[in-house]
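Spelled out from the first residue to the last, the chains are:
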Amino acid sequence: MTGMTNDATRIKRATSLAAGTLITVAPTGAETAKGDCPQLPTTLAELVETAVTCQAAGASLIHIHIRDADHKPSLDAVRLRETVLAVREQTSLVIQLSTGGNVHDPLEKRLTVLDAEPDSCSLTCGTTNFGDDVFLNPYPFMSQLYRQAQEREIVPEFELFDLGHVAALRRLIDDHGLPFGGKVHVDFITGVPGGMPGTPAALLAGIQALPAEVTSWAATGIGRSHLPIAAAALASGGHLRVGMEDNLIYAKGQPVARNDELVTRAADLARLMQRPPMTTDEARALLSIKERRTA
Ligand code: KMH
Ligand code: ZN
């Protein structure tokens with residue numbers, strides 16, 4: 001009986017309606033080639049311009065992958081730091097660096113992303129098939145990243161590509177305690193070929209399995225699942241992630257021209273659902289982000 005009560009409380013908490021919506025923009029990713037999509041923001045100037053326009057459209061967090069001078073995915077330390085500083089100077093967005101990189105990046109190199117002192121970092125909770133590739137996240141790597149983020153006062157966002165990742169998140173919390181700031185924010189990334197499908201049913205299964213320590217959750221659907229997942233997330237009390245990392249098609253026959261188109265649509269949907277976009281200050285409070293901006 002007690003178990004049932006706890007389950008009911010946990011599910012109610014996971015699905016209770018948040019007042020506002022945290023909108024994350026993931027503008028670039030590591031998978032799309034600039035040659036195939038010239039409008040993808042790959043240079044620092046393009047990324048900063050994207051950050052500014054997406055904040056104006058309603059985003060409060062930016063999930064960043066950077067590219068090198070040839071527009072190829074990069075984890076270069078100097079470029080990462082320059083990027084964090086430039087976005088921090090031009091916007092008040094919560095800056096999250098990807099520690100996922102691309103599927104070919106070595107684990108050791110992925111840990112060095114924290115040296116750029118972002119506000120937040122992604123932390124994927126398990127290895128996942130990724131199309132024809134494998135996105136590697138063995139438990140010792142996750143554990144190391146978790147502890148380093150705690151030590152450096154960087155707030156992790158737990159990326160859940162599959163139901164099994166929820167169990168790994170439970171193990172991380174049991175092994176290491178709460179992340180820096182005491183909040184636990186997760187993002188369901190659905191619809192990756194090899195991960196959980198981009199369906200409301202799969203999302204709801206994930207929400208119901210979340211540990212009680214989770215204080216907020218978001219969802220994104222890859223490709224054509226992005227709209228049904230956004231609607232299901234808003235209806236279930238979740239936050240949203242959109243952007244060209246996840247989706248290059250705005251509507252049938254209409255490629256995404258700019259990331260802020262996707263943010264604007266997400267913000268409109270959130271307002272329609274009486275869950276207006278959060279300000280960046282509200283997002284910082286939700287996630288307990290350390291103040292790194294200088295006056
Ligand atoms: N590019 C994917 C292999 C993350 O940013 O942390 C991994 C990814 C997840 O995008
Ligand atoms: Zn990413």
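For the structure itself, look to the data block above.
Residue positions within a chain follow its written sequence, with the count starting from 1. Written order determines the labels here, with chains lettered from A and ligands numbered from 1. With the structure being a predicted model, the display of local features is reserved for residues of pLDDT at least 70 and the display and counting of side-chain atom pairs for 80 or more, all residues being used for whole-chain, interface and lining totals. As a rule here, side-chain values cover all heavy atoms of the structure and leave hydrogens and water aside.

Asker: Is there a simple way to explain the packing of aromatic side chains in this structure?
Answerer: Aromatic ring pairs are defined here through the distance separating the ring centres and the angle between the ring planes. We call Phe, Tyr and Trp rings a pair once their centres come within 6.5 Å, taking the six-membered ring for Trp, and we label the pair stacked below 30 degrees between planes, edge-to-face above 60, and tilted otherwise. Throughout the structure, instances matching the rule amount to five aromatic pairs. Between Phe130 and Phe135, the ring centres sit 5.9 Å apart and the planes meet at 70°, which makes this aromatic pair edge-to-face. The rule is simple: take the accessible area with a 1.4 Å probe, protein chains only, and divide by the maximum for that residue type; under 20% is buried, over 50% is exposed, in between is partly exposed. Judged by relative accessible area, which is 7%, Phe135 ranks as buried. Plain terms: the ring middles of Phe135 and Phe161 are 5.8 Å apart, the flat faces sit at 70° to each other, and that makes the pair edge-to-face. Remark: Phe161 occurs in the loop between strand 9 (155-160) and helix 6 (163-176) and Phe135 occurs in strand 8 (residues 133-135); sequence separation between them is 26 residues. By definition, being over a ring means that NZ of Lys or CZ of Arg is both within 6 Å of the ring centre and within 35 degrees of the ring normal. When the ring centre of Tyr250 is taken as reference, the NZ or CZ atom of Arg265 above it lies at 3.8 Å. We count a stretch as a helix when DSSP gives it H or I for four or more residues in a row; a strand needs E for two or more, and each element gets its number in order from the N terminus.

Asker: Just checking my understanding: could you explain the packing of helix 2 (residues 44-57) against helix 9 (residues 259-272) for this structure?
Answerer: Closest axis-to-axis distance for the helix 2/helix 9 pair is 8 Å, and the angle between their directions is 15°. With respect to their mutual orientation, helix 2 and helix 9 come out roughly parallel. Where helix 2 crosses over helix 9, the handedness of that crossing is right-handed. From helix 2, Thr50, Thr53, Cys54 and Ala57 reach across to helix 9, where they touch Asn259, Asp260, Val263, Thr264, Ala267 and Arg271. Looking at the contact of helix 2 with helix 9 residue by residue, the classes come out as four nonpolar, four polar and two charged. Note on definitions: angles span 0 to 180 degrees between N-to-C directions of axes, and those axes are lines fitted to C-alpha atoms, for helices only across the stretch in contact. Oblique is the label for any angle not covered by the other classes, which are roughly parallel (under 35 degrees), roughly antiparallel (over 145) and roughly perpendicular (65 to 115). Each crossing gets its hand from how the near helix is turned against the far one by less than a right angle, where anticlockwise is left-handed and clockwise is right-handed. Note on contacts: a residue pair is in contact if any heavy atoms of the two residues lie within 4.5 Å. Classes in brief: Ala, Val, Leu, Ile, Met, Phe, Trp, Tyr, Cys and Pro nonpolar; Asp, Glu, Lys and Arg charged; the others, Gly included, polar.

Asker: Sorry if this is basic, but what is going on with helix 2 here?
Answerer: Residues separated by three or four positions in an α-helix point in the same direction, a consequence of the helix having 3.6 residues per turn. In this model helix 2 runs 20 Å from its N-terminal to its C-terminal C-alpha over 14 residues, within 8% of the 20 Å that 1.5 Å per residue would give. Taken as a whole, helix 2 has its buried residues at Leu47, Val48, Thr50, Ala51, Cys54 and Ala57. Buried residues in helix 2 make contact with strand 1 (23-25), strand 2 (61-64), helix 3 (77-90) and helix 9. Positioned one or two residues after helix 2, Gly58 has a phi angle of 130°, which is positive. What a helix should span is 1.5 Å times the count of its residues minus one.

Asker: Sorry if this is basic, but what is going on with the pairing of strand 9 here?
Answerer: Here strand 9 lies mainly inside the structure; six of its six residues are buried. Residues Val155, Glu157 and Glu159 of strand 9 are buried on one face, and the alternating residues Pro156, Phe158 and Leu160, pointing to the opposite face, are buried as well. Strands are labelled as partners when DSSP assigns at least two bridges between them. In this structure, strand 6 (residues 120-124) lies alongside strand 9, joined through five bridges in parallel fashion. Of the residues in strand 9, the one forming a bridge with Ser120 is Val155. Handedness of the crossover is the feature at issue here: the chain leaves strand 9, passes through helix 6, returns alongside strand 10 (residues 185-190), and the resulting connection is right-handed. Crossover handedness is defined by viewing with both strands directed away from the observer: a clockwise path from the first strand over the helix to the second marks the crossover as right-handed.

Asker: How should I be thinking about the site of ligand 1 in this particular structure?
Answerer: Whether a residue is near a molecule or strand is decided by its heavy atoms; if any one of them lies within 4 Å of it, the residue is near. As a matter of local geometry, ligand 1 sits amid Glu31, His63, His65, Ser98, Gly100, Gly101, Val103, Ser122, Thr124, Phe130, Phe135 and Glu245. Polar contacts, as counted here, are pairs of nitrogen or oxygen atoms within 3.5 Å of one another; within protein the pair requires one atom able to donate a hydrogen and one able to accept it, and residues that are adjacent in sequence qualify only if both atoms are side-chain atoms. Between ligand 1 and the protein, one listed contact pairs an oxygen atom with a side-chain N or O atom of Ser98 at 2.7 Å. Note that an oxygen atom of ligand 1 is positioned 3.4 Å from one of the backbone N or O atoms of Gly100. Buriedness of a pocket was judged along seven lines, with at least five required to meet protein on both sides within 12 Å; pockets are open sets of points on a 1 Å grid over the protein atoms alone, cavities are sets where a 1.4 Å probe fits but cannot get out, and lining residues have an atom within 4 Å of a point. More than half of a molecule's atoms lying within 2 Å of a cavity's or pocket's grid points is what places that molecule inside it. Structurally, ligand 1 is housed in the largest pocket. Residues of the shell around ligand 1, tallied by class, amount to three nonpolar, seven polar and two charged.

Asker: Would you explain the environment of Asp174 in this entry?
Answerer: Turning to its location among the elements, Asp174 is positioned in helix 6. For the pair Asp174 and Arg265, spaced 91 residues apart in the sequence, the C-alpha separation amounts to 38 Å.

Asker: What exactly am I supposed to notice about the sheet that holds strand 6 here?
Answerer: In a beta sheet, neighbouring strands are held together by backbone hydrogen bonds and run either parallel or antiparallel to one another. Taken in spatial order, the eight strands close into a barrel running 1-2-5-6-9-10-11-12, and their pairing is parallel. Averaged over all pairs of adjacent strands, the angle between strand axes in this sheet comes to 25°, irrespective of strand direction. Note that strand 2 and strand 5 (residues 94-97) share four bridges and pair parallel. Bridging from a neighbouring strand, Ile64 pairs with Leu97 of strand 5. Packed onto the sheet, helix 5 (residues 139-151) meets strand 6 and strand 9 and runs at close to 160° relative to strand 6.

Asker: I would appreciate a short explanation of the nonpolar core in the present structure.
Answerer: Proteins that are soluble and globular tend to have nonpolar side chains buried together. As used in this record, nonpolar core signifies buried Ala, Val, Leu, Ile, Met, Phe, Trp, Tyr and Cys residues forming a set joined through side-chain atoms within 4.5 Å. Ranked by size, the top nonpolar core spans 67 residues in total, and within it Cys125, Phe158, Val186, Phe188, Leu203 and Trp217 carry the most contacts. Element by element, the count of residues in this core is highest for helix 5, at six residues. For Phe158, the contacting residues outside a window of four places in its chain are Leu123, Cys125, Tyr146, Leu169, Leu172, Pro179, Val184, His185, Val186 and Asp187.

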